[in-house]
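# What the coordinates show
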Amino acid sequence: MKLHQSILEYRKGRYGWWALLLILGAIVLFGSHNDFQPPNGGTWQGYILGSIGLALIVWLTTLGIVKRRYGKSNVQAWTSAHVYLGASLLIVVSLHSALQIGLNVHSLAYVLMCVVIFSGFVGLYFYRRYPHLMARNRRNLSQRQLFSELNDLNQKGRALAKRCHPNLASAVDTAIDRTAIGGGLLDQLLGRDGSTVVLIEKDKKGGVQRRPVSNRDQQTIIGYVAKCIPRARKQGEAANIQSLLEVVCRRQTVTRQLRQDIKFNACLKVWLWVHVPFTIALLAALTIHILSVFYYW
Amino acid sequence: MTLHVHIAIIGSGPAGLSAAARAAQRDRARMEAGEISEPTHILLESFSQPAKTIQRYQKGKFVMAEPGFLHLRSDCEFGAGSREAILEQWQEDIARNGIKVRYQAEVQAITGERGNFSLALANGDVVTAEVVILAIGLEGNPRKLNIAGEGDSALADRVQYTLDDPEEFNGERIVVVGAGDSALENALALSKKNHVTVINRRAEFSRAKEANLNAILQAINDRRTTLDCLYETNPAALEADDDGINFAVETPTGRKVLSCDRIIARLGGFPPRKFIESIGIEFSSEAIDAAPILNGQYESSVPGIYVVGSLAGYPLIKQAMNQGYDVVEYIHGNDIKPADHELLEFQFGLLPYRRPPDELLHLFQQRIPMFSQLNVLVFRQLVIESSIWVALEGPSFENTKKQAAELAEAAAQRQPSPKTGKLIRAGESIFQRGDYTNTFFMIVDGEVILERHEQSAKPVRLERGQFFGEDSLVSGRPREYTAVAGSDCVLVETPRRTMIKLLNSNDQVRRGIDWIFTVRALQKHFAPELSPGELREIAQTTQLNTYQAGEPLFRQDQEGDCLHVIRRGAVTLQRSSEEGDLVVAQLQADELVGEMALMGEPVRRHTAKASVLTETIVLHRDSFMKLVNLDSSSISQLQARASKHARTYTTMQAQADKGSLIGFMMGEGMGEATNAMVIDESLCIGCDHCEKACADTHDGISRLNRSEGPSFAQMHLAISCRHCEHPHCMKDCPPDAIHRAESGEVFIDDSCIGCGNCVTHCPYDAIQLAHTPQPRQSLFSWLLKGAPDKLSIGREDADQGASGAGKKAVKCDACMNFANGPACVNACPTGAAARLAPEHLVKLVAKQ
Ligand SMILES: Cc1cc2nc3c(=O)[nH]c(=O)nc-3n(C[C@H](O)[C@H](O)[C@H](O)COP(=O)(O)OP(=O)(O)OC[C@H]3O[C@@H](n4cnc5c(N)ncnc54)[C@H](O)[C@@H]3O)c2cc1C
Ligand code: HEM
Ligand code: SF4
Ligand code: SF4
């Protein structure tokens, strides 16, 4: 039975050593270029490096398939190898190209590959860092439990508010109705908070004014409720508002936790939207690269 | 009004119905012969329709016809099918057989003796009978209101004592009487769509569970809900009214009349046991699941009263129906062979001696002293549920092998096919050390050698009449030795469930097994050189203690004069100081607790607490001293173990945070797990690949819920089967469909009848009921035959029951059929998911 190990620690980083060997091998091969032929993809060394690179890219792509052939292989081992060997690709292919970059399909393939690899690094960073932050943020609860707590708080808040001044009640109601969690992808990623609240206030002329204002991080409603405490007149009203304040403050914590959780979850997925499409583009560019090389041979 | 009959059958479940049908057929034959002019039997049923237990199954339930190897012998028909089809069939059977039945005839008392019993019915009628067949099942009868007007037929469908589906009612005024959990749960569920009034005899709800209590109080106090409560109120009278019911109640401020549409009285039930004891029938023990004492023809300790069906201890429909048939034949003096007679012939088919099964049964029972006093019926059922092993040498093995093949073929041709004996070669192993099996073996002939693997341990030779395998049965742990069959050896292997039932109902067997367990534990831990005979006296001075989860074995700073050997369960050691309580270790079955007190330091350093239901053998100082004086061979080992313990406990003590993680795990029941899904939250990216892999490899239904379940210190116990040492789920599975594989996985086989008992018993929510899907279509066949008509998985289909696919219990089987191990763990890209045993916990914690 195995205990938990991260992707990088997997079997004491066995695939890291493989990758290092591959890089060293590639450097030695590159160093064997003699003076007759400047290093480039067309030398015999270049061909070998290119073939290794091609094989690696095809193999790296198969992770997408292996991952979904459930029950057959150990995906963690594959991912660990993917990450280390994928990173070594950067060196192998750079040596293959001898960094002759231009405005052509060959360089396009190279750039696409770099995008895939760097997005991979970003993903790896997320994978290593966010789960820990997420767990800390959720504090032993699941997202579903957080939502259900929010639901309970909403009910409790509305019930308490009903017993207060109508203006306060309506403020709390609208604050709950207009609490925004999640939203579009960008909102999720940035953890943007578009919550608003409608406050009923007297304007200078003594008329009543309904004004939707921002309620970012529930600050406005908390301030509003807090301000009402010393103004309470009826008996027991202050205590009631005090309880209401506790509820809205607790709501602030829970909505913060949820927004954070959603943000982390979005980050953990969004990088793949770069990694995978660019992999496909890379494969296409690579095919053209190889065909054209053989065509002009 | 008095009616006199020959046979009165009480209860029209499968057992009673089948008995009545046989009695009716016998009556018909006699009437045709002109011996009698009218039927001499009566079937009395308390409900308004036959077979209340089956009526109460959920709508469309697919009823299974288990056990598969038993054939049906009854004048009524029964085969696997939907609840509705079966009930309809039985209605037809009642008419076809000419059964005389009386509904709404609850029998409340039985007095008299054979030839002259008098049965008092709830409505005041009396039935007298020469013999009585009791087939009232185990479900019991609800307690009634006992007020004027309750029996009024105009109110029959408006006053009810159960509630199957709260969704059925909408916009009614409903009064719920009662303050127990079922009353509160009904009231809460009904209040969503109806106006509900709860009537509570007392001033508060003291009998309810915490969660129900909170919910009901909240609902009562919440002015928006349509639920209110009358306290200190007693029902007084009922009256039908054009508009519904007028329900008079006595409140502290005087009589009040509630006008309502429906009354639901949830006042608890009368368990059948009280009723049966009131008749004078004796039970085999005090245990709740004990069955009445019966002779070989189902006659109870009151001559003339026969007991059949689930009440007699046979939990399935087919068994109940066969008994109903047989018992009437017995009563008529026809000593027929039970329907399972043939089964025994197959079971005994490989024995080196050929004799009729009944004789062999008798012989077997005489050979095993512990069972010699057992009731014949119970022993018979035990053998039917068991497997017979035969171990032979050289030529006789080869000869019998041919015979075994023929027998297996003959069995396979039968529909349903019976079990046959198992044949092995002498010298082969019966089970291996480390196997997770937990069956129990009795030696009827020959000998068996138990090989322990520690260097010091000598092999143990067991002979005819002795037994083995009790240790895994009791502890739920893997086998500790390899058992090797000697020549010409005959064994009875009894499944765990059968043994547990027997242990619970028979004190003699329980004592016998406890005694040998203790002797073998003492031998193993303290005195390997002594023989069981020499240990007998000391074993008698030990004590067996049982602790509920959380109960202490001993407390820190107290003086101790005994040690404990854990027999089952798990114990945590805790040290308290100013900083708080700290868990320093957790110990599993077969380990020693508190041995330090007998080896130097009498004051306990820790508090020892049971983390799950735990049993220990308590060994006092004097006995311990006597043991080590008689046999000093294990002293050095004991001392080495004690000092190692002291060292690890003290290191743990220095690391407070680690102790709290162990404490959490134990609190969540990990002490009884053997293989649990533990997710490292600091690695889990929430991709749910584990769930997808599980569903993909298990009929499209994930048996794992990754995001639910408790977490602590970034360790998450996902909801999934933990393959408990003593699986709670196995407790009342009617067809005994839940088993433990040799390698330890707990799994459910195809004989599951979908009753849902295991779902209720599993404390970890690991089981769900789901439709077992059709085999997945390949792309190729999809192209050829077109898309399947229905999505097969998890969809509620009204006609599914009829079409043959019922819901069955599904749960994690730890991918026991996959060479690569659990698919969930393999699919996890980040290494967050692992399946661990509690032994690995310490490692896990040390790593943190
Ligand atoms: C949810 C569930 C699912 C199950 N599924 C299956 C399955 O698929 N296949 C299978 O083989 N088994 C199944 N079983 C088990 C099966 O229901 C029982 O084994 C069977 O009903 C036992 O039959 P019985 O005749 O002994 O008792 P019961 O069927 O319980 O019948 C007892 C009858 O006696 C009546 N009665 C009780 N007291 C009195 C009294 N004082 N006076 C008059 N009448 C009285 C009751 O009203 C009832 O009709 C299931 C059980 C449950 C709970
Ligand atoms: C050209 C090089 C690469 C190619 C073609 C490639 C391709 C892929 C593909 C096809 C997937 C499967 C995505 C899916 O189906 O969900 C994947 C996943 C992944 N890649 Fe790469 N990749 C490359 C380089 C890298 C590098 C350099 C890293 C990190 C340093 C990396 C890290 C990952 C990770 C962490 C995953 C996710 C694994 C999972 O969640 O199952 N990749 N990659
Ligand atoms: S289903 Fe539940 S009770 Fe049964 S072994 Fe699994 S966790 Fe234990
Ligand atoms: S597969 Fe692993 S990372 Fe994905 S949800 Fe399951 S445990 Fe978490």
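Note that the structure is a prediction, hence the values are computed from the model and not measured. Numbering of residues begins from 1 in every chain and follows the order in which that chain's sequence is written. Think of it this way: whatever chain is written first is A, whatever ligand is written first is 1, and the rest follow in order. For a predicted model such as this one, the threshold for reporting local features is a pLDDT of at least 70, and the threshold for listing and counting side-chain atom pairs is 80 or more; totals across whole chains, interfaces and linings nevertheless cover every residue. Based on all heavy atoms of the structure, the side-chain values leave hydrogens and waters out of the count.

## Description of the overall build of chain B
- Secondary structure assignment for chain B yields 24 helices and 44 strands.
- Values of the radius of gyration come from C-alpha atoms, whereas the globule rule sets the reference at 2.2 Å times the count of residues to the power 0.38. Relative to the globule expectation of 29 Å for 848 residues, the C-alpha radius of gyration of chain B, 30 Å, shows essentially globular dimensions.
- With the principal axes as the frame, chain B shows a C-alpha extent of 85 × 75 × 70 Å.
- Partitioning the contacts of chain B with sequence separation of at least 6, the portion at a separation of at least 24 is 69%.
- A total of about 37300 Å² of accessible surface is found on chain B, and carbon and sulfur atoms cover 49% of it. Secondary structure counts use DSSP, requiring at least four H or I residues in a row for a helix and at least two E residues in a row for a strand, with both numbered from the N terminus. Here, two residues are considered to be in contact whenever any of their heavy atoms come within 4.5 Å of each other. With residues, only the protein chains shown are counted as cover, and all accessible areas are computed by Shrake-Rupley using a 1.4 Å probe.

## Some points on the pattern of salt bridges
Residue and element names in this part refer to chain B.
- Salt bridges are identified by distance alone: a Lys or Arg side-chain nitrogen within 4 Å of an Asp or Glu carboxyl oxygen. Following the criterion strictly, the structure yields 42 salt bridges over all chains and no others.
- One salt bridge in this structure joins R173 and D261, with 2.9 Å as the shortest N-O distance. Taken as a pair, R173 in strand β11 (residues 173-177) and D261 in the loop between β16 (254-260) and β17 (262-265) lie far apart in primary sequence, 88 residues in all.
- Each residue is assigned to one of three classes by its accessible area relative to the maximum for its type, calculated with a 1.4 Å probe on protein chains only: buried under 20%, partly exposed between the two thresholds, exposed over 50%. Residue class for R173 comes out partly exposed when judged on its relative accessible area of 29%.
- Across the pair D507 and R510 runs a salt bridge, and its minimum N-O distance is 3.3 Å. Remark: R510 and D507 occur in helix α14 (residues 507-525); sequence separation between them is three residues, near one turn of the helix.
- What makes D507 partly exposed here is its relative accessible area of 33%.
- Several salt bridges share partner residues, and in doing so they unite D507, R510, D514, R567 and E615 into one network.

## Quick notes on the interface of chain B and chain A
- Facing 41 residues of chain B, the contacting portion of chain A comprises 30 residues.
- We define buried area as the total accessible area lost by two parts upon association, computed with a 1.4 Å probe and summed across both. Summed over both sides, the interface of chain B with chain A buries roughly 3000 Å², with 55% coming from carbon and sulfur.
- Joining chain B to chain A, the criterion identifies two salt bridges.
- Here A:R144 and B:E708 are joined by a salt bridge, their closest N and O atoms 2.6 Å apart.
- What qualifies as a polar contact is a pair of N or O atoms within 3.5 Å, subject to a donor-acceptor requirement within protein and to the restriction that residues adjacent in sequence count only when both atoms come from side chains. Inspection of the region where chain B meets chain A yields eight residue pairs in polar contact (both at pLDDT 80 or more).
- When residues of the side of chain B that touches chain A are traced back to their parent elements, those giving at least two are β37 (676-680), α19 (689-697), β38 (711-712), α23 (823-827), β44 (833-836) and α24 (838-847) of chain B.
- In the scheme used here, Gly and all other residues not listed as nonpolar or charged are polar, with Ala, Val, Leu, Ile, Met, Phe, Trp, Tyr, Cys and Pro taken as nonpolar and Asp, Glu, Lys and Arg as charged. The class makeup of the residues in the side of chain B that touches chain A is 20 nonpolar, twelve polar and nine charged.

## Some details on the coordination of the iron atom of ligand 2
Residue and element names in this part refer to chain A.
- As a rule, N, O and S atoms within 2.8 Å of a metal are its donors, except that Na, K and Ca use 3.2 Å; water is not among the atoms, so sites may look incomplete. Only H82 (NE2) and H275 (NE2) from the protein coordinate the iron atom of ligand 2, and they sit 2.0 Å from it.
- Each of the six donor atoms around the iron atom of ligand 2 contributes to a set of angles spanning 84 to 179°, which defines the coordination as octahedral. Here the residue H82 occupies a position in helix α4 (residues 75-97), and H275 occupies one in helix α11 (residues 272-295), the gap between them amounting to 193 residues.
- Judged by its relative accessible area of 15%, H82 is buried. For a four-donor site, all angles between 85 and 135 degrees give tetrahedral; for four or six donors, opposite pairs above 155 degrees with the remaining angles between 65 and 115 give square planar or octahedral; all remaining cases count as irregular.

## Structural notes on the sheet that holds strand β31 (residues 562-568) of chain B
Residues and elements named next belong to chain B.
- With respect to topology, four strands assemble into an open sheet ordered β29-β36-β31-β34, the strand pairing being antiparallel. Of all the strands in the sheet, just β29 (543-547) and β34 (592-593) have a single pairing partner and so form its edges.
- Between N-to-C directions, angles span 0 to 180 degrees; the directions come from axes that are lines fitted to C-alpha atoms, helices contributing only their stretch in contact. Each of β29, β31, β34 and β36 (614-620) touches α14; the most contacted strand, β36, lies at about 60° to it. Here, any two strands with at least 2 DSSP bridges between them count as paired.

## A few points about the domain arrangement of chain B
Residue and element names in this part refer to chain B.
- The domain boundaries here were taken from an automatic or database domain assignment. Under the domain assignment, chain B is made up of domain 1 (2-141 + 271-331), domain 2 (153-265), domain 3 (341-505), domain 4 (537-654) and domain 5 (670-847).
- With 13 residues of domain 3 in contact, the opposing surface of domain 5 contributes 15 residues.
- Summing both sides of the interface, domain 3 and domain 5 together bury roughly 1100 Å²; the carbon and sulfur share of this comes to 42%.
- In this structure, the connection of domain 3 to domain 5 is made through two salt bridges.
- The partner of D736 in a salt bridge is R497, with the nearest N and O atoms 3.9 Å apart.
- At the junction of domain 3 and domain 5, the tally comes to eight residue pairs in polar contact (both at pLDDT 80 or more).
- For the side of domain 3 that touches domain 5, the elements supplying multiple residues, two or more each, are α12 (470-475) and α13 (496-505).
- For the side of domain 3 that touches domain 5, the element with the highest residue contribution is α12, accounting for three residues.
- Looking at the side of domain 3 that touches domain 5, its residues break down into four nonpolar, five polar and four charged.

## Quick look at the nonpolar core
Residues and elements named next belong to chain B.
- Core analysis: the largest hydrophobic core is formed by 63 residues, its most contacted members being W90, I110, L119, I133, L134, I305 and V327.
- With eight residues, the top contributor of residues to this core is helix α7 (residues 317-331).
- The residues contacting W90, other than those within four sequence positions of it, are P14, L17, A51, I54, C76, E77, F78, I317 and M321.
- Grouped together as the second largest cluster of nonpolar side chains are 61 residues, F467, L619, L627 and V628 included. By convention a nonpolar core is built from buried Ala, Val, Leu, Ile, Met, Phe, Trp, Tyr and Cys residues, the set being connected through side-chain atoms within 4.5 Å.

## A word on the domain arrangement of chain A
Residues and elements named next belong to chain A.
- Under the domain assignment used here, chain A contains domain 1 (10-139 + 270-295) and domain 2 (143-264).
- The straight-line distance from the C-alpha centre of domain 1 to that of domain 2 is 50 Å.
- Listed as interface residues are eight residues of domain 1 and, on the opposing side, nine residues of domain 2.
- Regarding the contact of domain 1 and domain 2, the summed buried area is about 790 Å², with carbon and sulfur atoms giving 66% of it.
- By the criterion of area lost to domain 2, the three top residues of domain 1 are M134, N137 and R138, representing 54% of everything that side buries.
- In this assembly, domain 1 and domain 2 are joined by one salt bridge.
- For R138, the salt bridge is made with D261, and the minimal N-O distance between the two is 3.4 Å.
- Where domain 1 packs against domain 2, one counts two residue pairs in polar contact (both at pLDDT 80 or more).
- For the side of domain 1 that touches domain 2, the element with the highest residue contribution is helix α5 (residues 105-138), accounting for five residues.

## Considering the site of ligand 4
- One heavy atom within 4 Å of a molecule or strand is enough for the residue carrying it to be called near that molecule or strand. For ligand 4, the set of nearby residues contains 13 residues, the closest of which are B:C684, B:C687, B:D688, B:C690 and B:C828.
- Residues that form the shell around ligand 4 fall into these classes: eight nonpolar, three polar and two charged.

## Structural notes on the site of ligand 3
- The environment of ligand 3 is formed by 13 residues, the closest being B:C721, B:R722, B:C724, B:C729 and B:C762.
- Of the residues in the shell around ligand 3, the class split is nine nonpolar, two polar and two charged.

## With respect to unusual backbone geometry
- A positive phi angle is found at A:N140, which is not glycine, with a value near 65°.
- Examined against the element boundaries, A:N140 turns out to sit in the loop between α5 and α6 (143-162).
- Phi is positive for B:A713, close to 45°, though the residue is something other than glycine.
- Summarising the element assignment, B:A713 is placed in the loop between β38 and β39 (715-717).

## Comments concerning a nonpolar patch on the surface
All names here are of chain A.
- Each patch is built from residues lacking any salt bridge and having more than 30% relative accessible area; the joining distance is 9 Å for like charges and 5 Å for nonpolar side chains (Val, Leu, Ile, Met, Phe, Trp, Tyr). Taken together, the side chains of W17, W18, L20, L21, L24, I27 and I91 present a nonpolar region at the surface, about 760 Å² in accessible area.
- Tallying contributions element by element places helix α1 (residues 10-31) first for the nonpolar patch, with six residues.
- On the secondary structure map, I91 appears in helix α4.

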